[in-house]
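Commentary on secondary and tertiary structure
Residue-level listing of the chains:
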Amino acid sequence: MNELMIMLFAPLVAGFIAWALDIRGIREIVGILGAAVPLGILAKYYSTIAGSNPETVTHTITIGGFKLLFQLNTITWYFAAVASLVGVAMAFGMASTSRSSYEWLFALMSYTGVLGVFLSGDFVGFFLFWELMTFASFMMVLKRNRHESLKYFVLSVIGAYAMLIAIGILYAKTGALDFGTIRQALYMDAMLGSISKSLTALVFLLFLTAFGVKAGAVPLHVWAPGAYSEVDQSYTTFFSGALSKAGAYGFLLLYILMGTKLYTALGVWHNHMVFSYIIAWLGAITVVVAGFLAVLQEDIRKLFAYSSVSQVGYILLGLGLGTTLGFAGALFHVLSHAVFKGLFWLVVAALILRTGKTKFEDFGGLAEKMPITFAMALIAVLSLAGIPPMAGFASKWLLYEAAISAHMPLVAGAIFLGSGLAFAYVVRFLYAVWFGQRPSDLDDVEEAPLPLLIGMAILAIPNLVFGIAPGLVVKFIDDIMYSLFQIHIPVGGDYFKLVTPTGTYNALLVTVILTLGLAIAGLIFIYGAKARKVPVTDTYQSGNPVTEDYNLSMRRNFYRPLAEALDFWLKYSWDRFYERLAGMFEDFADSLREGFYNGNVQSYAWYLAVVLLILALWGVL
């Protein structure tokens, strides 16, 4: 059997076996092995698709008269490798947190779906695996929360129909479904102009909707906070870290297939391509809005759910800049977000497994009880907040450099503001959960189980390695850009240093300086610092009087003053907007039902006569 097919279907087969056997221990071993197979095969093919003479590995299968093309090249390898890395970590996490063969089946099914999306070379396979991915993740949410699964289902259906219509239009105009032919046809049409500007804009809008839903871009993000929170948090590692990247990959596919056509059809505005400008601001708004909402959460699951939405916004922002440096930053953040946010969700899974709690007010002092988990959480905190020498800093630094080079200062400001917001909510997570006085009911808490710790380590190591040696990732991204667009990214340096037209980042030097600084600070703290006791009720009030109702501490209502400052904006909610819109459609449908299905036989006879008359006028009868 072809190795691409083994890589693609190994997780799905393992999921079915785990579900069928349903034997504790064997189920977990089968699931982990099935999740590891794609990563192993991808490692084997690295030397083939990378380097000075990269090759593309292809395989074609025929199903129902359709030929499905699968291809492994630099870009598909990169996305598949990111998904597989997170998939293996997810499997180790679920070995500790999942007690259901149902969850193993659909978690690994979604893994196959994501890989299929990345490896497909035509829209038939792309759409089929997109729906498999969506169905499997929907079933995971459905098991624990019916309301949130319905929200996810409705938005996903809207995105699926939008994509299907867009694919239909492209097929009608190009006569092809494979990406290579479509790309060539649209490139030629960019010069000929046979496809109208309005139709091109419609296709762009449809794809924007489809990919925006999966990426969780504002205002299509409303499914994400609930869905991410209401599944096994080990699975959310994959849900947030890998599945959301299908949306980002879709936006990249827009550039690959339609970039030239969209440029000629929609034009430029203030020296920026209109379509990319829209994507950039969609990402910038997502970064800021979701970042503020994350800060205001009192539940750690909801906090990191909104944080996931915000961080994917960085990827869209980078792609929207429309420059090679922007693409480099976006693709780097695909990796860094996957490893630091996946790590965060495994830490959350460990906290819930050992304590059964999710609210900030119920935590405290767990660093002593769960030291290894705390170390992993610290790595994730530093990376998400964009603090060197973690991978999160390197990717955000490239994005910031790209925004400045593209002369988009407001977008650069969104990157900076988003990083500030990220620092605000992870600092609270760090202190409220791990430091301070520990509640008495947490005195018997134990360290996370070994499989869960292994999953954390799988994601913690890339955070450190690619943070200290970001050139490893940038070099591969340069290969991607050259294979796609025959251009190199304007980043020099070596494995440890990045040099752009506007700045230099020496990760190794920063690492050495920070290590020395922390060592000196540690010695001062141990031998020279004077400690003082701080009562657990110590608060800050932002100028407000201390009362029983208004008592702010790190664990309770810490950012309440910010919520009060944003009170005007918080009155508006996309959730409420969609609920009202759904209510209007429901009322309209009820009116139609009551008007047409009234039980009157004469009315039905008239309906039939009108339909027959219309068909006769059209020449059908």
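In what follows, the structure referred to is the one given above.
Residues numbered from 1 in each chain as written. Predicted model: local features only at pLDDT ≥ 70, side-chain atom pairs only at ≥ 80, totals over all residues. Heavy atoms only, no water.

**Overview of the overall build of the protein**
Across its full length, the protein carries 23 helices and seven strands. The C-alpha radius of gyration computed for the protein amounts to 26 Å, which stays within 12% of the reference 25 Å derived for 621 residues, consistent with globular compactness. Its C-alpha atoms put the protein at 95 × 65 × 60 Å along the principal axes. Across the 621 residues of the protein, 55% fall into the buried class. A fraction of 78% describes how many contacts in the protein between residues 6 or more apart in sequence connect residues 24 or more apart. If you sum the accessible surface of the protein, you get close to 27,000 Å²; carbon and sulfur atoms cover 66% of it. Placing the 37 positive and 37 negative side-chain charges of the protein at their respective mean positions leaves the two points 2 Å apart. (Helix = DSSP H or I, 4+ residues; strand = E, 2+ residues; numbered from the N terminus. Rg over C-alpha atoms; globule rule 2.2 N^0.38 Å. Buried < 20%, exposed > 50% of the residue type's maximum accessible area, 1.4 Å probe, protein only. Contact = heavy atoms within 4.5 Å. Areas by Shrake-Rupley, 256 points an atom, 1.4 Å probe, with all protein chains shown as cover. Lys, Arg positive; Asp, Glu negative; His and termini not counted. Charge placed at Lys NZ, Arg CZ, Asp CG, Glu CD.)

**What about the layout of surface pockets?**
In this structure, the largest pocket occupies an estimated 710 Å³ of space. Lining the largest pocket are 21 residues, and of these V289, L293, W569, L570 and Y572 lie nearest its centre. Elements with a contribution of two residues or more to the lining of the largest pocket: α11 (274-295), α21 (567-570) and α22 (574-596). Here the lining of the largest pocket is composed, by residue class, of 15 nonpolar, three polar and three charged. (1 Å grid on protein atoms, 1.4 Å probe; cavity = no way out; pocket = protein on both sides within 12 Å on 5 of 7 lines; lining within 4 Å. Points joined across faces, edges and corners; volume = space filled by probe spheres on them. Nonpolar A, V, L, I, M, F, W, Y, C, P; charged D, E, K, R; others polar.)

**Some details on the side chain of S234**
Structurally, S234 is set in helix α10 (residues 233-266). Looking at S234, its side chain comes within polar contact range of the main-chain oxygen of G93, at 3.2 Å. (Polar contact = N/O pair within 3.5 Å; in protein donor to acceptor, adjacent residues only side chain to side chain.)

**As for empty space enclosed by the protein**
Applying the stated criterion across every chain, the model contains three cavities of 30 Å³ or more. Of the pockets and cavities examined, the largest cavity occupies roughly 60 Å³. Lining of the largest cavity is provided by I169, L170, K173, L186, I195, L199, T200, V203, M258 and K261. Those elements that place two or more of their residues in the lining of the largest cavity are α6 (146-174), α8 (197-215) and α10. Of the residues in the lining of the largest cavity, the class split is seven nonpolar, one polar and two charged.

**A look at the nonpolar core**
Where a protein is soluble and globular, its nonpolar side chains tend to be buried together. Ranked by internal contacts, the top residues of the largest apolar core, which has 214 residues, are Y78, F207, F429 and W434. Element by element, the count of residues in this core is highest for helix α13 (residues 324-355), at 19 residues. Those residues in contact with W434, other than ones at most four positions away along the chain, are V347, L351, G365, L366, A367, M370, T373, F374, A377 and F429. (Core = buried A, V, L, I, M, F, W, Y, C linked by side-chain atoms within 4.5 Å.)

**Considering α6**
Across its 29 residues, α6 extends 41 Å between first and last C-alpha, which sits within 8% of the 42 Å expected from 1.5 Å per residue. G175 sits one or two residues past α6 and shows a positive phi near 70 degrees. (Expected span 1.5 Å × (residues − 1).)

**Let's talk about the pattern of salt bridges**
All told, the structure shown has 13 salt bridges when counted by the stated rule. For K475, the salt bridge goes to D479, with nearest N and O atoms at 3.3 Å. Residue K475 and its partner D479 are both found in helix α18 (residues 471-485); the two are separated by four residues, about one turn of the helix. Look at K475 and you get partly exposed, because its relative accessible area is 45%. Residue classification places D479 among the buried positions, given a relative accessible area of 16%. Salt bridges sharing partners connect three or more residues here, namely D22, R24, R27 and E28. (Salt bridge = Lys/Arg side-chain N within 4 Å of Asp/Glu carboxyl O.)

**Some points on the pairing of strand β7 (residues 503-506)**
Side-chain alternation along β7 places G503 and Y505 on a buried face and T504 and N506 on a face that remains uncovered. Relative to β7, strand β6 (residues 497-500) is paired through four bridges, and the arrangement is antiparallel. The residue of β7 that forms the bridge with T500 is G503. From the end of β6 to the start of β7, which pair antiparallel, there are two residues. (Pairing = 2+ DSSP bridges.)

**Brief notes about the sheet that holds β6**
If you trace the three strands from one edge of the open sheet to the other, you get β5-β6-β7, paired in antiparallel fashion. In the strand order of this sheet, the two ends are held by β5 (492-493) and β7, each with one partner. Across the sheet, helix α15 (residues 391-405) is in contact with β6 and β7; its angle to β7 comes to roughly 175 degrees. (Axes fitted to C-alpha atoms, helices over the stretch in contact; angles between N-to-C directions.)

**A short note on the environment of Y152**
Considering the arrangement of structural elements, one finds Y152 in helix α6. Between the C-alpha atom of Y152 and that of G226, which follows or precedes it by 74 residues, the distance is 8.6 Å. A polar side-chain atom of Y152 sits 2.6 Å from a polar atom in the side chain of S137.

**What to know about a nonpolar patch on the surface**
On the surface, a cluster of nonpolar side chains totalling about 770 Å² of accessible area is made up of I461, L464, V465, L472, Y495, F496, L508, V512 and L516. At the level of elements, α17 (450-468) and α19 (507-527) are the ones that each hand at least two residues to the nonpolar patch. Of note, V465 is situated in helix α17. By relative accessible area, V465 is classed as partly exposed at 38%. (Patch = residues over 30% accessible without salt bridge, like charges linked within 9 Å, V, L, I, M, F, W, Y side chains within 5 Å.)

**Concerning unusual backbone geometry**
In this chain, V218 is followed by P219 through a cis amide linkage whose omega measures 10 degrees. Examined against the element boundaries, P219 turns out to sit in the loop between α8 and α9 (223-229). Look at the link from P388 to P389: it is a cis peptide, with omega at 5 degrees. In this structure, P389 sits in the loop between α14 (371-384) and α15. In this structure, N271 takes a positive phi of about 65 degrees despite not being glycine. Classification of N271 as exposed rests on a relative accessible area of 78%. Backbone geometry at H407 places phi at a positive 60 degrees, although glycine is not the residue there. Looking at the secondary structure, you find H407 in the loop between α15 and α16 (409-434).

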